Amino acid sequence: MTNSTPKSEKPSALIAYLVAGAFFMENLDGTVIATALPQMAKSFGVAPVDMNIGMSVYMLTLAIFIPASGWMADRFGARTVFAWAVAVFTIASIWCAMATGLTSFTLARILQGAGGAMMVPVGRLVVLRNTSKTDLMRAIATLTWPALSAPILGPPLGGFITTYASWHWVFILNVPLGIVALLLSLRIIPNDKQAGRPGFDWLGFLLTSLACAGLMYGLDMVGQSEAKWIVGAGVLVGSFVIGIVAVRHSRHHPHPLPDLAAWRIQTFRVTMNGGSLFRTAVSAVPFLVPLMLQIGFGLDPFQAGLYVLALFAGNLGMKPMTSWVLRTFGFRTTLIGNGLVFVATLLALAFVTPSTPGIVLVVVLVISGAARSMQYTAINTIAFVDVPEGQMAGANTLFSLVQQITFGLGIALGAVALRLSDAFVSPGSQTLTVADFHSAFLIVGVVALMGLYDTLALPRDAGALVSRHRRAMVSPRS
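Residues numbered from 1 in each chain as written. Predicted model: local features only at pLDDT ≥ 70, side-chain atom pairs only at ≥ 80, totals over all residues. Heavy atoms only, no water.

Draft legend 1. A look at the overall build of the chain. Tallying secondary structure elements over the chain gives 20 helices and 0 strands in all. Against the compact-globule benchmark of 23 Å for 478 residues, the chain has a radius of gyration of 22 Å, which places it among compact chains. Taking all 478 residues of the chain together, 54% fall into the buried category. Pairs at least 24 apart in sequence give 83% of the contacts found in the chain among residues at least 6 apart. A total of about 20,400 Å² of accessible surface is found on the chain, and carbon and sulfur atoms cover 69% of it. (Helix = DSSP H or I, 4+ residues; strand = E, 2+ residues; numbered from the N terminus. Rg over C-alpha atoms; globule rule 2.2 N^0.38 Å. Buried < 20%, exposed > 50% of the residue type's maximum accessible area, 1.4 Å probe, protein only. Contact = heavy atoms within 4.5 Å. Areas by Shrake-Rupley, 256 points an atom, 1.4 Å probe, with all protein chains shown as cover.)

Draft legend 2. A look at the nonpolar core. Residues Phe82, Met119, Phe268, Val289, Phe342, Phe384 and Phe441 are the most contacted members of the largest nonpolar core, which totals 114 residues. Setting aside residues up to four positions removed in sequence, phenylalanine 342 forms contacts with Phe278, Ala281, Val282, Val285, Ser368, Ala371, Arg372 and Ala448. Counting 19 residues, the second largest nonpolar core, distinct from the first, contains Leu37, Met40, Cys96 and Ala99. (Core = buried A, V, L, I, M, F, W, Y, C linked by side-chain atoms within 4.5 Å.)

Draft legend 3. Expanded view of the packing of aromatic side chains. Summed over all chains, the structure comprises 13 aromatic pairs. Their ring planes at 80° and their centres at 6.3 Å tell us that tryptophan 167 and phenylalanine 171 sit as a pair that is edge-to-face. Phenylalanine 171 shares its class with tryptophan 167; the two are buried. Feature note: the residues Trp71, Phe76, Phe200, Trp202 and Phe205 constitute an aromatic cluster, connected by ring pairs. It is arginine 109 that lies over the ring of tyrosine 58; its NZ or CZ is 4.3 Å from the centre. (Phe/Tyr/Trp six-rings, centres within 6.5 Å; stacked < 30°, edge-to-face > 60°. Lys NZ or Arg CZ within 6 Å of the ring centre and 35° of its normal.)

Draft legend 4. Representation of the packing of helix α4 (residues 69-76) against helix α5 (residues 78-98) in the model. Running from N to C, α4 and α5 cross one another at 120°; their axes reach a closest spacing of 6 Å. With respect to their mutual orientation, α4 and α5 come out oblique. In this structure, α4 uses Met72, Ala73 and Phe76 to contact α5, whose residues at the interface are Ala78, Thr80 and Val81. (Axes fitted to C-alpha atoms, helices over the stretch in contact; angles between N-to-C directions. Parallel < 35°, antiparallel > 145°, perpendicular 65-115°, else oblique.)

Draft legend 5. Seen up close, the pattern of salt bridges. For the coordinates displayed, the defined rule picks out 1 salt bridge. Arginine 129 is the partner of aspartate 74 in a salt bridge, and the nearest nitrogen-oxygen pair spans 2.7 Å. Remark: arginine 129 occurs in helix α6 (residues 102-129) and aspartate 74 occurs in helix α4; sequence separation between them is 55 residues. Both residues of the pair, aspartate 74 and arginine 129, belong to the buried class. (Salt bridge = Lys/Arg side-chain N within 4 Å of Asp/Glu carboxyl O.)

Draft legend 6. Seen up close, the layout of surface pockets. Looking at the second largest pocket, its volume works out to about 700 Å³. For the second largest pocket, the lining is made up of 27 residues, of which Ala211, Leu215, Gly243, Val247 and Ile405 are closest to its centre. For the lining of the second largest pocket, the secondary structure elements donating two or more residues are α10 (202-222), α11 (226-252) and α17 (392-424). It is α11 that contributes the most residues to the lining of the second largest pocket, 9 residues altogether. (1 Å grid on protein atoms, 1.4 Å probe; cavity = no way out; pocket = protein on both sides within 12 Å on 5 of 7 lines; lining within 4 Å. Points joined across faces, edges and corners; volume = space filled by probe spheres on them.)

Draft legend 7. Structural context of the packing of α5 against α6. Contact geometry for α5 and α6: axes closest at 8 Å, N-to-C directions at 155°. Classified by the angle their axes make, α5 and α6 are roughly antiparallel. For the element pair α5 and α6, the recorded crossing hand is left-handed. (Left-handed = near helix turned anticlockwise from the far one by under 90°.)

Draft legend 8. Fine view of unusual backbone geometry. With omega at -5°, the peptide bond leading from leucine 257 into proline 258 counts as cis. Examined against the element boundaries, proline 258 turns out to sit in the loop between α11 and α12 (266-272).

Draft legend 9. A look at the confidence of the model for the chain. When the pLDDT values of the chain are averaged, the result is 83; 92% of them are 70 or greater. Taken together, the stretch residues 1-6 has pLDDT below 50 and engages in 0 contacts with residues farther than four places along the chain or on a different chain. (pLDDT = per-residue confidence, 0-100.)

Rendered as C-alpha cells:
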C-alpha cells in the first residue's frame, strides 16, 4: 500500500532542499580551508605545505567509505544513517576548531570525511526514493547547485574569514548548520529500509576502497612536484590493478559492493563513461582560471576571485532555465548542444590575454558557468531516469563514488595539462606563461569533447518522462 501511494511534492521538495543544504556544507568544507591553511600552519607551528594532509585525508576518507553508504542505508534506514552522518560531521567540525596540533586536526578531518562519505550519497538516495519521476529534474537541479557553487565560493570565503576573524570560524560555521540539518532530518526524512538486505561484501568493500583511495592519493601526488609525480604514477598503476580485481570480484559475487548492475542501463552508462570525462573537464576550470589570472595575467588574489565569481553567476543564472531547456530540447539535444557551448568557452579561454577587455572575460566565464550548471543537472538527472527502484541504492553509491573521483581527476587533469604545456610549449621557462595556460585549456577542451561522444547514441526520447520533452512525448520511440 505504501509503495503505491503517490509521492507528495511538498515533502519531496523539503527533503531536496534539506539534503542540498547538507551537500553545500560538505562541499564547502572541502574547499574553504584552502586559503586558511597558512594561518592554521602558523597556529600549529608547522610548515604550510604540511597542512595539505588535512585536505588529502579528507578526500581519501570519502573515497574509502562511500562504497558502504548504500548498504548502510538499506540496513539501518536512510534517516538513521543520514542523521548520524550529519551529527558526526558536525562533531568533527567542533573537533577541527578545537585542534591544537597537526595530529589532532588530521584525526578530526578523518572523522569529518567519514561523516561526509555517508551524508552525501545517502542524502541523494533519500531524494531519489522520495521524489516522483516527473519531479526528479527539479530535485536533481537543487542537489547540483551546491556541488557547482561551493568550489567557487569556498576559497574567497575562507580567505575572508581568516583575514577578518580566525581560521577556527571556518569550522565553527558548520555547527549551527549541522544542528538545523539534524533536527530537520529527524522530522521530515522517512526511515526507509530494504527488507532482506544481503550480508556485507567485505572483500568487495576492501578492494574498492583500496582502489579508490589509491586513485585519489595518486591523483593528488601527480599534481605536485616531479618527484611526487613519479610516485603518484606508481600508486595509480597499483590502484588500477586492484580496481580490475574488484570488478572481476563483483561479476562473480551474488551481492557485490559496489553493485555494477546499473551500468547495463544505457542512460546510466552514458553518465559514467562520457559523463565522467565531461565532469573531469568541468572540475579543471575552477583550478586553471584563478592560476591563469594570477600567474599569467599578474592579478592579485582578490581580483582573480572576483572574476571567478562570474562562474558562480552563470551557475545561478542558469538554474531557473534548466527545466525549460530540457522540456524544449530533451536530454540528448541538450547534452550535445550545451556541451559544445561549454567546449567553446574553453576555446575562448585559450585565446584571452592580459589585454583582453575585462567585460569580455566576464561574459565568457558567465557563459561557461551557465553551461557547466546545465550539463551537470542534465547528467545527474538522466543517470537515474531508467534505474528501477531495486537497483537505486547500488546505482547511487556507484554514481557518488565515480563523481567523487572525477573531482580529483579534474584537478589532476589541470595540473598535468600545465605540466605538459610547460614542457613542450615553453621549455626552459622559469615560470608558467600565458601560452602554457592556453595550451592547458585546449587539452581540457579536447577531454570535454571526448566526453560527448557516447551521448550521440542516446535515443531522442531518452528520459522524456522526466524532462517532459514535447516532441518526444508526441513521437514516442518506434
